[in-house]
Amino acid sequence: MTSAVRVQLGEDGADAERVEQLAGYLRGELIERGVADVKALPAGPAPPGSRGFDVVTAGGLLVTLGKSADGLRSVVAAVREWLSRGGRVKRTVRLEIDGDVLELTEATITDQDKLVDLFVSRHSSS
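Residues numbered from 1 in each chain as written. Predicted model: local features only at pLDDT ≥ 70, side-chain atom pairs only at ≥ 80, totals over all residues. Heavy atoms only, no water.

### Things to note about the layout of surface pockets
The volume enclosed by the largest pocket comes to roughly 210 Å³. Lining the largest pocket are 15 residues, and of these L83, S84, T105, A107 and Q112 sit closest to its centre. Listing elements by their share of the lining of the largest pocket, those giving two or more residues are α2 (69-84) and α3 (109-122). Here the lining of the largest pocket gets four residues from one element, more than from any other, and that element is α2. Looking at the lining of the largest pocket residue by residue, the class counts come to five nonpolar, five polar and five charged. (1 Å grid on protein atoms, 1.4 Å probe; cavity = no way out; pocket = protein on both sides within 12 Å on 5 of 7 lines; lining within 4 Å. Points joined across faces, edges and corners; volume = space filled by probe spheres on them. Helix = DSSP H or I, 4+ residues; strand = E, 2+ residues; numbered from the N terminus. Nonpolar A, V, L, I, M, F, W, Y, C, P; charged D, E, K, R; others polar.)

### Some thoughts on the environment of G13
By the element assignment, G13 lies in the loop between β1 (4-11) and α1 (16-32). Look at G13 and you get exposed, because its relative accessible area is 87%. Linking G13 and V89, residues 76 residues apart in sequence, is a C-alpha distance of 8.6 Å. (Buried < 20%, exposed > 50% of the residue type's maximum accessible area, 1.4 Å probe, protein only.)

### Examining the environment of L62
Mapped onto the elements, L62 comes out in strand β3 (residues 56-64). The exposure class assigned to L62 is partly exposed, which follows from its relative accessible area of 26%. As a C-alpha pair, L62 and A4 span 58 residues in sequence and 6.7 Å in three-dimensional space. L62 has contacts with A4, V5, R6, D37, V38, K39, A40, L41 and P42, leaving out every residue within four places of it along the chain. (Contact = heavy atoms within 4.5 Å.)

### Digging into the pattern of salt bridges
A complete count under the given rule lists ten salt bridges for this structure. The shortest N-O distance in the salt bridge between E11 and R91 comes to 2.9 Å. With a gap of 80 residues between them, E11 in strand β1 and R91 in strand β4 (residues 91-97) connect regions that are remote in the sequence. Residues E11 and R91 agree in their burial class; the two are buried. Salt-bridge contacts for E29 lead to R85; the nearest nitrogen and oxygen are separated by 2.5 Å. Here the residue E29 occupies a position in helix α1, and R85 occupies one in the loop between α2 and β4, the gap between them amounting to 56 residues. (Salt bridge = Lys/Arg side-chain N within 4 Å of Asp/Glu carboxyl O.)

Taken by themselves, the reported measurements are silent on function.
Take a look at the structure:
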């Protein structure tokens, strides 16, 4: 079982500050669910000549999971709840584990269920 998930959030018309705020809300929900660790997603190495601050990706989270599929299912459940609270505003979410990507943006609930089951099964211990 892979122990880290990269989560990237977005919302139509939102600026970087709004997306960061949304990511903060999701981060809080994940921590409440007992996820091992949730940090801002690093954007990569800091630019040459920068003063040692971490560059982060707006709306990005790096989620460290435990060793069971329950941790991944908990992350996906929180993300799906976050998507559903968008109302009429189109929200996007992208989860990535070792290059395998799950995007739930405009999928129906039925399609989301199928995609989530497939994604979790590929990243669970046999």
